[in-house]
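# Summary of the model geometry
Each chain, letter by letter, is given below.
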Amino acid sequence: MSPWGFLAERDPTAVEQMDRPDCDPAMLDRTYAQFGLVNAVVSGWRRTYTSLLRPAFSTDRTNTLLDIGSGGGDLPRALAQWAHLDGLEVEVTGIDPDERAHAYAMSKPARPGLTFRRALSSDLVAEGAVFDAVVSNHVLHHLDRAEFDGLLADTERLTRRVAVHSDIARHPLGYGLFSVGTLPMPGSYIREDGLTSIRRSYTPDELRRAVGKRRGWSVRTAAPFINLLVLQRAGNGVVRDA
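Presented here is a report on the structure given in the accompanying data block.

About the criteria used
Residues numbered from 1 in each chain as written. Predicted model: local features only at pLDDT ≥ 70, side-chain atom pairs only at ≥ 80, totals over all residues. Heavy atoms only, no water. Helix = DSSP H or I, 4+ residues; strand = E, 2+ residues; numbered from the N terminus. Rg over C-alpha atoms; globule rule 2.2 N^0.38 Å. Buried < 20%, exposed > 50% of the residue type's maximum accessible area, 1.4 Å probe, protein only. Contact = heavy atoms within 4.5 Å. Lys, Arg positive; Asp, Glu negative; His and termini not counted. Charge placed at Lys NZ, Arg CZ, Asp CG, Glu CD. Pairing = 2+ DSSP bridges. Core = buried A, V, L, I, M, F, W, Y, C linked by side-chain atoms within 4.5 Å. Expected span 1.5 Å × (residues − 1). Axes fitted to C-alpha atoms, helices over the stretch in contact; angles between N-to-C directions. Salt bridge = Lys/Arg side-chain N within 4 Å of Asp/Glu carboxyl O.

## A look at the overall build of the chain
Helices and strands together make up the secondary structure of the chain, namely 9 helices and 7 strands. Taking 242 residues into account, the globule formula puts the C-alpha radius of gyration at 18 Å, and the chain, at 17 Å, falls close to it. If one aligns the C-alpha atoms of the chain with their principal axes, the spans along those axes are about 55 × 40 × 30 Å. Within the chain, the proportion of its 242 residues that are buried is 50%. Nonlocal contacts in the chain, meaning residues at least 24 apart in sequence, comprise 77% of its contacts between residues at least 6 apart. Counting 29 positive and 30 negative side-chain charges, the chain places the averaged centre of each group 5 Å from the other.

Here's what the structure looks like:
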């Protein structure tokens with residue numbers, strides 16, 4: 001019998017509780033509060049920053065980074081902090097269309113060079129905005145086909161140097177480890193929604209098929225059970241070979 005069981009195919013119809021407009025606001029805030037710990041443990045962003053983002057930043061000018069779907073803001077805060085510790089000038093912008101996520105992010109202490117906006121990536125494209133780096137964390141599995149293609153198209157227009165969309169890679173072992181590892185995190189949607197996210201997420205091969213023939217994109221594996229969808233450009237804006 002296959003160990004994949006009900007995870008053999010992605011389930012794009014599964015709904016996360018925190019995406020429901022009537023979800024409990026206290027549990028939602030606790031979920032945002034716990035994201036920092038969960039992302040630090042499972043998402044591998046420190047390594048992704050070091051290997052893909054930091055090399056794209058200049059040491060002699062102010063750099064810009066956009067986080068699409070920034071949620072409670074833990075990732076843009078971490079990226080701003082790491083860049084600061086490396087002596088880099090980086091202006092970080094986090095965008096999220098959800099008013100609840102935006103309100104939570106804005107409720108935390110302000111820091112220089114970090115901005116949050118309630119917006120879609122398409123809004124920034126319409127403004128003509130361009131960033132040295134564009135990232136997202138655990139966004140891809142939320143999107144339907146049209147939204148997925150739209151995000152990649154927007155990213156291609158918004159990115160000057162590098163884009164990294166990091167997401168869960170569906171795997172039965174990852175599902176089991178997350179299920180056990182988040183048992184000590186009651187009072188939030190972390191465990192329930194995290195397991196739903198795994199059911200909705202792509203395997204590396206599925207993600208490659210979803211990207212199709214879009215030029216310049218490559219799918220890589222990072223921390224255990226993490227997909228990185230990467231677009232890299234040379235200094236002149238030309239797409240590097242994947």
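## A look at the pairing of strand β1 (residues 63–68)
Both faces of the sheet carry side chains from a regular strand, because those side chains alternate between them. The buried fraction of β1 is high, at 6 of 6 residues. Residues Asn63, Leu65 and Asp67 line one face of β1 and the alternating positions Thr64, Leu66 and Ile68 line the opposite face, and both faces are buried. Two elements, β1 and strand β2 (residues 90–95), share 6 bridges in a ladder whose sense is parallel. Bridge pairing links asparagine 63 to valine 90 in β2. Sheet topology note: the β1/strand β4 (residues 131–137) ladder contains 4 bridges and is parallel. Among the inter-strand pairings, isoleucine 68 is bridged to a residue of β4, identified as serine 136.

## So, the nonpolar core
Residues Tyr49, Leu53, Phe57, Leu65, Leu79, Val135 and Val164 are the most contacted members of the largest nonpolar core, which totals 26 residues. Secondary structure elements with two or more residues in this core: α2 (45–53), α3 (74–85), β2, β3 (114–117), β4, β5 (159–168) and β7 (226–232). With 5 residues, the top contributor of residues to this core is α3. Dropping the residues within four chain positions of it, leucine 79 is found in contact with Tyr49, Leu53, Leu65 and Val135. By size, the runner-up hydrophobic cluster in this structure holds 25 residues, among which are Ile95, Val134, Phe148 and Leu151.

## Focus: α3
Its 12 residues give α3 an end-to-end C-alpha distance of 17 Å, which sits within 8% of 16 Å, the value for a rise of 1.5 Å per residue. In this fold, the buried residues of α3 make contact with α2, β1, β2, α4 (99–107), β3 and β4. A positive backbone phi angle near 75° is found at glycine 87, which sits one or two residues after α3.

## Some remarks on the environment of alanine 110
Counting through the fold element by element, alanine 110 comes out in the loop between α4 and β3. Alanine 110 sits in the exposed class, given a relative accessible area of 80%. Placed 49 residues apart in sequence, alanine 110 and threonine 159 show a C-alpha to C-alpha distance of 25 Å.

## Focus on unusual backbone geometry
Phi is positive for histidine 138, which is not a glycine, with a value near 55°. A residue is classified by how much of its surface remains accessible, and histidine 138, at 17% relative accessible area, is buried. Even without being a glycine, phenylalanine 225 presents a positive backbone phi close to 70°. Inspection of the secondary structure assignment puts phenylalanine 225 in the loop between β6 (217–221) and β7. The class for phenylalanine 225 is partly exposed, based on a relative accessible area of 27%.

## Some points on the pairing of β7
Most of β7 is tucked away, with 6 of its 7 residues classed as buried. Sheet topology note: the β5/β7 ladder contains 7 bridges and is antiparallel. What sits directly across from isoleucine 168, in β7, is isoleucine 226. Pairing between β6 and β7: 5 bridges, direction antiparallel. What sits directly across from serine 218, in β7, is valine 230.

## Quick word on the sheet that holds β7
What holds strands together in a sheet is hydrogen bonding between their backbones, with the strands either parallel or antiparallel. Taken in spatial order, the 7 strands make up an open sheet running β3-β2-β1-β4-β5-β7-β6, and their pairing is mixed. One side of each edge strand has no neighbouring strand; the edge strands of this open sheet are β3 and β6. For this sheet the average axis-to-axis angle between neighbouring strands, irrespective of direction, equals 20°. Across the sheet, α3 touches β1, β2, β3 and β4, and the angle it forms with β3 is around 160°. Across the sheet, helix α9 (residues 204–211) lies against β6 and β7, angled at about 170° from β6, the strand it touches most.

## Considerations on the side chain of aspartate 67
Within the secondary structure, aspartate 67 sits in strand β1. Within the buried set, aspartate 67 has no salt-bridge partner at all; the shortest N-O distance to an opposite charge, 10 Å, is to arginine 77. Leave out the neighbours within four places in its chain, and aspartate 67 touches Leu75, Pro76, Thr93, Gly94, Ile95, Val135, Ser136 and Asn137.

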